[in-house]
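# Close look at the chain arrangement
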Amino acid sequence: MASGAPFESIVLTVFGNDGNVIQQLVTDAMELSLRRDEGKTVIYISSGGSWERFGTPRTARSLDSVILPQQGKDGLVSDIRDFLSSEEWFRNRGIPYRRGYLLHGPPGNGKSSLVNAIAGELKLDICIVSLSNSEMDDHQFNSLLNNAPPKSILLIEDVDAAFSRRSASSEVSSKLSFSGILNALDGVASQEGRILFMTTNHLEVLDSALIREGRVDLKIQISNATKQQAQQLFTYFYSLDNQNPSNLEMATQFASKITDYSLSMSQIQGFLLQYKSSPQKALKHINKLIPVSLV
Ligand SMILES: Nc1ncnc2c1ncn2[C@@H]1O[C@H](COP(=O)(O)OP(=O)(O)OP(=O)(O)O)[C@@H](O)[C@H]1O
């Protein structure tokens, strides 16, 4: 579809002259569709230069379930809230009304989970652009950015995979050029009110032009687990009541065995899943997890 918008046209014909039938049908369909998506996050994926709904809308993940240093998480959420309520402020100053975030850090520490939880919290949908699609060209990318559904987060995951091969100085290896990407990101026609998230495991390989101020307003490092995060994950995973001293003792003991920043949160989660009904067993077998943390 030329516009890139996720819509299609259907022609309805009614015999007779009662136009209300169609009006009612459309109203019913709209209500049903809105009810289906209520409280859920709709995922759109790019397909050519258009957006397509992907799967059924997801139940939003709670922000509490993404365990990160509290300050960073709260700061990010309040930055987005502030942005969403500042349209007039941006317009009055002639500043393009958009905001870009880069989440960087080793795999499996919650970058994607955080974007999902934020979308749920702020009742936004998610539009995932895949830059690894070799058919994507500058025009399609531009069209996608300009036609993202309203109230959505634009998400470019693993941005390093595409950009490290497409720096300003390197040869353009596909139909999507580095300058085409930059132009689309900050072109005058770029969608107003846009929230862009990019994620990467390799900040160091990104071209500085891509992540300069204005394209990326906040860079947030999401590191491997600290002891405190391991303790919180243990408590959250087993739904332990923290007020109970023996639960607290168990979670503290678990965390004390973990070296700060040596394991990813997904590694710890994977370990806990092996003992999903018994925190005592997880604690007893913690040595199976520790050798990994010492590598
Ligand atoms: N901080 C976290 N709090 C709670 N669960 C987490 C956290 N980090 C990772 N997980 C769990 O680990 C799995 C992988 O997480 P996620 O995909 O969000 O990581 P990621 O940083 O985006 O990884 P990648 O860089 O490989 O895309 C998920 O099942 C998620 O629930």
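Placed above this text is the structure.
Note that this is a predicted model, so its numbers are computed, not measured. Residue positions are counted from 1 within each chain, in the order its sequence is given. Thresholds applied to this predicted model are a pLDDT of at least 70 for local features of residues and 80 or more for the giving and counting of side-chain atom pairs; totals over whole chains, interfaces and linings are not thresholded and use all residues. Hydrogen atoms and water are omitted, and side-chain values are computed over all heavy atoms in the structure.

### Points about the pattern of salt bridges
- We define a salt bridge as a side-chain nitrogen of Lys or Arg found within 4 Å of a carboxyl oxygen belonging to Asp or Glu. Enumeration over the complete set of coordinates arrives at seven salt bridges.
- In this structure, Arg99 engages Asp79 in a salt bridge whose closest nitrogen and oxygen atoms are separated by 2.8 Å. Of this pair, Arg99 sits in strand β5 (residues 98-104) while Asp79 sits in helix α2 (residues 70-84); the two residues are 20 residues apart in sequence, bridging distant segments of the chain. Taken as a pair, Arg99 and Asp79 share a single burial class, namely buried.
- A salt bridge links Arg81 to Glu121, with the nearest nitrogen and oxygen atoms 2.9 Å apart. Note that Arg81 is positioned in helix α2 and Glu121 in helix α4 (residues 111-121), a separation of 40 residues in sequence.
- The exposure class assigned to Arg81 is partly exposed, which follows from its relative accessible area of 40%.
- Salt bridges sharing common partners tie together Asp79, Arg99 and Asp217. Put simply, DSSP marks the helices as runs of H or I at least four residues long and the strands as runs of E at least two long, and each gets a number from the N terminus on. Each residue is placed in one exposure class: buried if its accessible area under a 1.4 Å probe, protein chains only, is under 20% of its type's maximum, exposed if it is over 50%, and partly exposed if it falls in between.

### Description of the packing of helix α5 (residues 138-146) against helix α7 (residues 178-186)
- For helices, the fitted line uses only the C-alpha atoms of the stretch in contact; every axis is such a line through C-alpha atoms, and the angle between N-to-C directions lies from 0 to 180 degrees. Where α5 meets α7, the axes come as close as 9 Å, and the angle between the chain directions of the two elements is 20 degrees. Classified by the angle between their axes, α5 and α7 sit roughly parallel to one another. Regarding α5 and α7, the two cross each other, and that crossing is right-handed. Residues Asp138, Phe141, Asn142 and Leu145 of α5 lie in contact with α7, whose contacting residues are Gly180, Ile181, Ala184 and Leu185.
- Each residue gets one of three labels, nonpolar for Ala, Val, Leu, Ile, Met, Phe, Trp, Tyr, Cys and Pro, charged for Asp, Glu, Lys and Arg, and polar for the others, Gly among them. Split by residue class, the contact of α5 with α7 holds five nonpolar, two polar and one charged. For classification purposes, an angle smaller than 35 degrees is called roughly parallel, one larger than 145 roughly antiparallel, one from 65 to 115 roughly perpendicular, and anything else oblique. For a crossing to be left-handed, the near helix must be turned anticlockwise from the far one by less than a right angle; the clockwise case is right-handed. We call two residues in contact when some of their heavy atoms are within 4.5 Å.

### Points about the site of the ligand
- Here a residue counts as near a molecule or strand whenever at least one of its heavy atoms sits within 4 Å of it. Taken together, the neighbourhood of the ligand is formed by 16 residues, with Ile67, Asn109, Lys111, Ser113 and Asn201 sitting nearest.
- One nitrogen or oxygen atom from the side chain of Asn201 is found 2.8 Å from an oxygen atom belonging to the ligand.
- In the analysis that follows, any N or O atom pair within 3.5 Å is treated as a polar contact, provided that within protein one partner can donate a hydrogen and the other can accept it, and provided that, for residues neighboring in sequence, both atoms belong to side chains. Here Gln269 contributes a side-chain N or O atom positioned 3.1 Å from an oxygen atom of the ligand.
- For the accessible areas, the method is Shrake-Rupley and the probe is 1.4 Å, while residue cover comes only from the protein chains on display. Coverage of the ligand by the protein chains reaches 79% of its 620 Å² of free accessible surface.
- Of all elements in the fold, only α4 and α10 (265-273) reach the threshold of two or more residues within the shell around the ligand.
- Counted by class, the shell around the ligand contains five nonpolar, nine polar and two charged residues.
- Boundaries of every domain are those given by an automatic assignment or by a domain database. The two domains that each donate at least three residues to the shell around the ligand are domain 1 (59-221) and domain 2 (227-288).

### Remarks on the nonpolar core
- Counting 28 residues, the largest nonpolar core has Val129, Phe141 and Leu210 as its most contacted members.
- Those elements giving two or more residues to this core turn out to be α5, β7 (152-156), α6 (159-163), α7 and β8 (194-200).
- Ranked by residue count, the leading element in this core is α7, at five residues.
- Buried Ala, Val, Leu, Ile, Met, Phe, Trp, Tyr and Cys residues form a nonpolar core when they are joined through side-chain atoms within 4.5 Å. Val66, Tyr97, Ala117 and Leu122 belong to the second-largest nonpolar core, a separate cluster that totals 26 residues.

### Focus on the pairing of β5
- In terms of burial, β5 is largely enclosed, as seven of its seven residues are buried.
- The alternating pattern of β5 places Arg98, Gly100, Leu102 and His104 on one face and Arg99, Tyr101 and Leu103 on the opposite face, and all of these are buried.
- Where β5 lies against β8, seven bridges are found, and the strand directions are parallel. Looking at β8, one finds that Leu102 is bridged to Met198.
- Relative to strand β9 (residues 218-221), β5 is paired through four bridges, and the arrangement is parallel. Residue pairing across strands places Leu103 opposite Ile220, the latter belonging to β9. When DSSP finds two or more bridges between two strands, those strands count as paired.

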